[in-house]
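# Residue-level structure breakdown
Spelled out, the chains give:
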Amino acid sequence: EPKEKGPPKKKAGVQAPYRLSDALRAVVGKSILPRPQVTQALWAYIRENNLQNPEDKREIICDSLLSRVMGGESRVTMFSMNKYITPHMLEKVDRSKYVHEDVAKEDDSGEESGSDAESDEESE
C-alpha cells in the first residue's frame, strides 16, 4: 500500500528535549525543553514584552535578555531566529527528564492543572 501523504499528525513530546543554555533559560524560564516548546516559549516572551516591530511584524526587537540568545543582535527576523537558538540547545537529554506541559494560549482563567495526580497512586 502506498504511504498516506498529508499533514503529519502532531504528537506531544515526540521531539527530543534539550538542556538549554543559561541565556536561553533566562528567556524561556525552563532548563530542559524540546525545540518546538522553545520556539513557543520565545514567542510568548516576545509577545509579553511587545518586542515585535509594529511597522513590520516579522522583525523582532531584542531586549537585553533576548539579545544574549540572538547572538548579540539588536534586531532579528522571525525567520533568522532559529539559527541563533541552535547553539543554545546544548545537549539532548533523556525524555524522562522532560514533562510536557501545555502552554496556555490566551487563557487567563487562572486555573492550572496541579501535579497532585501522582500522590494519589498507591501500590496495591
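Residues numbered from 1 in each chain as written. Predicted model: local features only at pLDDT ≥ 70, side-chain atom pairs only at ≥ 80, totals over all residues. Heavy atoms only, no water.

## A word on the nonpolar core
Stated precisely, the cut-off is as follows: Each nonpolar core is a collection of buried residues, namely Ala, Val, Leu, Ile, Met, Phe, Trp, Tyr and Cys, held together in the definition by side-chain atoms within 4.5 Å. Burial here depends on accessible area, computed with a 1.4 Å probe over protein chains only, as a share of the maximum for the residue type. Under 20% is buried, over 50% is exposed, and the range in between is partly exposed. Each helix is a run of H or I in the DSSP string that is no shorter than four residues. Each strand is a run of E no shorter than two, and both are numbered from the N terminus. Residues count as neighbours in contact if any of their non-hydrogen atoms are within 4.5 Å of one another.
Of all hydrophobic cores here, the largest spans 26 residues; its most connected members are Leu24, Val28, Val38, Leu42, Ile60, Leu66 and Met70. If you list the elements that add at least two residues to this core, you get helix 1 (22-28), strand 2 (32-34), helix 2 (35-48), helix 3 (64-69) and helix 4 (81-85). Broken down by element, the residue count for this core peaks at six residues, all from helix 2. Among all residues touching Ile60, those that are not within four sequence positions of it are Trp43, Ile46, Leu51, Gln52, Leu66, Ser74, Arg75, Val76, Met78 and Met81.

## Quick word on the environment of Leu42
Looking at where Leu42 falls in the secondary structure, it is placed in helix 2. Among the residues examined, Leu42 registers a relative accessible area of 0% and is labelled buried. In the structure, Leu42 is positioned 18 residues away from Leu24 in sequence and 8.9 Å away in space, judged by C-alpha atoms.

## What about the pairing of strand 1 (residues 17-20)?
Using the following cut-off: Strand pairing requires that DSSP identify at least two bridges connecting the strands.
Bridge count for strand 1 against strand 2 is three bridges, and the pairing is antiparallel. Residue pairing across strands places Arg19 opposite Ile32, the latter belonging to strand 2. In this sheet, strand 5 (residues 89-92) lies alongside strand 1 in antiparallel orientation, the contact comprising three bridges. Bridge pairing in strand 5 links Arg19 to Glu91.

## Points about helix 2
Rules: Take the residue count of a helix, subtract one, and multiply by 1.5 Å to get its expected span.
Compared with the 20 Å implied by 1.5 Å per residue over 14 residues, the 20 Å span of helix 2 between its first and last C-alpha is a close match. All buried positions along helix 2 are accounted for by Gln37, Val38, Ala41, Leu42, Trp43, Tyr45 and Ile46. Positive backbone phi, approximately 50°, marks Asn50, located one or two places after helix 2.

## Here's the deal with the pattern of salt bridges
As a reminder, the rule being used: Any Lys or Arg side-chain nitrogen found within 4 Å of a carboxyl oxygen on Asp or Glu counts as a salt bridge.
Per the stated rule, a full pass over the model turns up four salt bridges. The closest approach of N and O atoms between Glu91 and Arg19, which form a salt bridge, is 2.7 Å. Taken as a pair, Glu91 in strand 5 and Arg19 in strand 1 lie far apart in primary sequence, 72 residues in all. In this structure Glu91 comes out as partly exposed when scored by relative accessible area, which is 38%. Overall, the relative accessible area of 34% leaves Arg19 in the partly exposed class.

## Topic: the sheet that holds strand 1
As a reminder, the rule being used: A fitted line through C-alpha atoms represents every axis, and for helices the fit uses only the stretch in contact; the resulting angles, taken between N-to-C directions, go from 0 to 180 degrees.
One open sheet accounts for three strands, arranged 2-1-5; its pairing is antiparallel. The sheet is open, and its two edges are formed by strand 2 and strand 5, each paired on a single side. When the angles between neighbouring strand axes are averaged without regard to direction, this sheet yields 45°. Here helix 2 sits on the sheet in contact with strand 1, strand 2 and strand 5, set at roughly 100° to strand 2.

## Some details on the confidence of the model for the protein chain
Fine structural detail should not be taken from predicted coordinates in areas where pLDDT scores are low. The criterion, for reference: Every residue is assigned a pLDDT by the predictor, reflecting its confidence on a scale from 0 to 100.
Averaged over the protein chain, the pLDDT score is 81; the fraction of residues at 70 or greater is 69%. In the predicted structure, residues 104-124 sits below a pLDDT of 50 and forms one contact with residues beyond four places in sequence or in another chain.

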